[in-house]
Amino acid sequence: MTMPGQKMYIVTTPDLIQAIQKQPKALAFPPIEAKFASKICGSTEDAHKILMKNVNGDDGDWGLSMEAYAGMRAALSAGPGLDDMNRVMIQNIAASLDSLKPSPGSRTKIELAKWLRQSVTAATTNSVYGPHNPFKDLAVADAFWQFESNLMALLVGILPSLTAHKGLAGRAKVVKAFEHYFRTDGHKQASILMKNRYETSAKNGVSVEDIARFEVGGAVAILVNTAPAVFWMLLLAYSHPGLVDELRRDIGEMMTEKTSNGDTIRSLDITSLKTSCPLLTSTFQEVLRYRSMGTSVRQVMEDTILDSKWLLKKDCMIQMPSRVIHKDKSIWGSDVDKFNPRRFMKDEPQKTQSGRRPNATAFRAFGGGTTLCPGRHFATNEILAVVTMFIMRYDMKPTAGEWSLPTTQNTNVATVVMEPDTDVEVELSTRDGFEEGQWAFDLKDSGMVFAVVAEDRAE
């Protein structure tokens, strides 16, 4: 496609995408990320120059760009650091769910998307930023979402003071909160992820003011997709005939009960669910296939021959839209437009044109290659934790009487998972037979990694 001042290649086949991912230096993402990070975060020219030094790692694994990637991957890989984040997250989610419990014989009404955004924002930011989390100030959290809603206008960059003034004001408030957080050493009691991000930036000469600005982009990365993913998973699970009952049966087999001082305590280890409840994990993957719309992008750094027949010219852009691949009947079969919670189960009969199971690389919800989302394991744990706790504790029905899926026309440019245009009001009641007692949720070992994408299987 020829765009104003730019030629763009659109790639929609898994084989060609794999070929692109094998050439991360010639077909690169970091230069694009650096450009947009500066625009989104409002960093200074000095900070942008630091970010652009060896941005693509052509001269080795040094510089802010390369070291930031390495620090994120280390912090978010299976291990004690990820375990600590997961445990804080689970404790926060469990407390949020406790607050929903209606009195005996009554129901609780909530706007599902709104409640999830508030709960997931609190759980995620507490796990990343620690006890001095700036998002504990609800005004800061609201300012962040105000900023997020204006991202497209900020990226376009046409008179942002007029077209995105609310977003700029929201960003300024969040930046100020982060600057105070760093100047008062709040990050020193935070997660290994936050410590690594701060130390990498400081080591490379980034000022505290610009570290705070860059962290607004970090908050976008950890927040914007999780709540919508949980929203769709809950909505699709409860509206799909019989699915919640099946999930409860499978999860219930992993639940243990004991009595303490006359009180029933039901316990679930969230980690074991990833390997022992295939319907749950298949539902999760199908939700992401059915409701994700992310686009992987690359910049052509030098003339490159792709797959021995395609010439990609230097300075052109590449887009790999996941939505097109996830809706391809030749890959997923004739029911591609339907939500099939069993699609990713190994024993599910295949309906693809070839009769074979879809190529694992066709699942693009977390991107792929060297820029594969480093936070996918934390996100997976969080989404499955919220959904599992929710469906095991509560019955849910729409106040409108029937389930219907909201439209997604206004989804933000920064999101991978579609955002609902309207909320869904629901009524919650405690499950029959589960009115009394306590729930205990735990995560024993993050080393038990669920293979979310093809690259995880390779590992």
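Definitions and cut-offs
Residues numbered from 1 in each chain as written. Predicted model: local features only at pLDDT ≥ 70, side-chain atom pairs only at ≥ 80, totals over all residues. Heavy atoms only, no water. UniProt positions renumbered as here; feature names shortened; annotations may be inferred. Helix = DSSP H or I, 4+ residues; strand = E, 2+ residues; numbered from the N terminus. Buried < 20%, exposed > 50% of the residue type's maximum accessible area, 1.4 Å probe, protein only. Salt bridge = Lys/Arg side-chain N within 4 Å of Asp/Glu carboxyl O. Expected span 1.5 Å × (residues − 1). Contact = heavy atoms within 4.5 Å. Arc of directions from axis to C-beta. Pairing = 2+ DSSP bridges. Axes fitted to C-alpha atoms, helices over the stretch in contact; angles between N-to-C directions.

Student: Explain the UniProt feature "binding site: heme" (unreviewed entry) in the protein residue by residue, including any values.
Tutor: What UniProt calls "binding site: heme" (unreviewed entry) maps, in this numbering, to Cys373. Relative to the helices and strands, cysteine 373 resides in the loop between α18 (329–332) and α19 (376–393). With relative accessibility at 29%, the residue cysteine 373 sits in the partly exposed group.

Student: So, the pattern of salt bridges: which residues are in play, and what are the values?
Tutor: Counting across every chain of the model gives 16 salt bridges. Arginine 183 is paired through a salt bridge with glutamate 209; the nearest N and O atoms lie 2.8 Å apart. Of the two residues, arginine 183 is situated in helix α10 (residues 165–183) and glutamate 209 in helix α12 (residues 208–223); the sequence distance between them amounts to 26 residues. On the basis of relative accessible area, arginine 183 is assigned to the partly exposed category, the value being 47%. The salt bridge involving aspartate 337 is made with lysine 327; its shortest N-O contact spans 2.7 Å. Pair noted here: aspartate 337 is in the loop between α18 and α19 and lysine 327 is in the loop between α17 (322–326) and α18, with a separation of ten residues, a long-range link.

Student: Let's hear about helix α4 (residues 64–76): which residues, and what values?
Tutor: Every α-helix carries 3.6 residues per turn, so stepping three or four residues along brings you back to the same face. Over its 13 residues, α4 extends 18 Å from the first C-alpha to the last, a length consistent with the 18 Å expected when each residue adds 1.5 Å. Among the residues of α4, Leu64, Ser65, Met66, Glu67, Tyr69, Gly71, Ala75 and Leu76 are the ones counted as buried. Buried-residue contacts for α4 involve α2 (30–41), α3 (45–52), α5 (80–98), α11 (192–203), α12 and α19.

Student: Break down the environment of glycine 368 for me, citing the residues and quoting the values.
Tutor: Within the element layout of this structure, glycine 368 appears in the loop between α18 and α19. Since its relative accessible area comes to 1%, glycine 368 is described here as buried.

Student: With reference to specific residues and values, describe α5.
Tutor: With 19 residues, α5 should reach 27 Å at 1.5 Å per residue; the first-to-last C-alpha distance of 27 Å fits that figure. Considered for burial, the residues of α5 that qualify are Leu82, Asp83, Met85, Asn86, Met89, Ile90, Ile93, Ala94, Ser96 and Leu97. All buried residues of α5 lie within an arc of 165 degrees about the axis, which places them on one face of the element. Opposite its buried face, α5 presents the exposed residues Pro80 and Gln91, each directed more than 90 degrees away.

Student: A description of the sheet that holds strand β4 (residues 108–111) should follow, citing residues and the corresponding values.
Tutor: If you walk across this open sheet you meet the three strands as β4-β12-β11, and the pairing is antiparallel. Every interior strand has two partners, whereas the edge strands, β4 and β11 (394–398), have only one. Across the sheet, the axes of successive neighbouring strands diverge by a mean angle of 30 degrees, strand direction being ignored. When β11 meets strand β12 (residues 425–430), the two strands line up antiparallel, connected through five bridges.

Student: I'd like a rundown of the sheet that holds strand β6 (residues 263–269), residues and numbers included.
Tutor: With mixed pairing, three strands are arranged side by side in an open sheet as β5-β6-β13. The sheet is open, and its two borders are formed by β5 (256–260) and β13 (438–442), each paired with just one other strand. Along the sheet, successive strands turn relative to each other by an average axial angle of 25 degrees, direction set aside. Bridging between β5 and β6 involves five bridges; their strand directions are antiparallel. Residue pairing for β6: serine 260 is matched across the bridge by aspartate 263.

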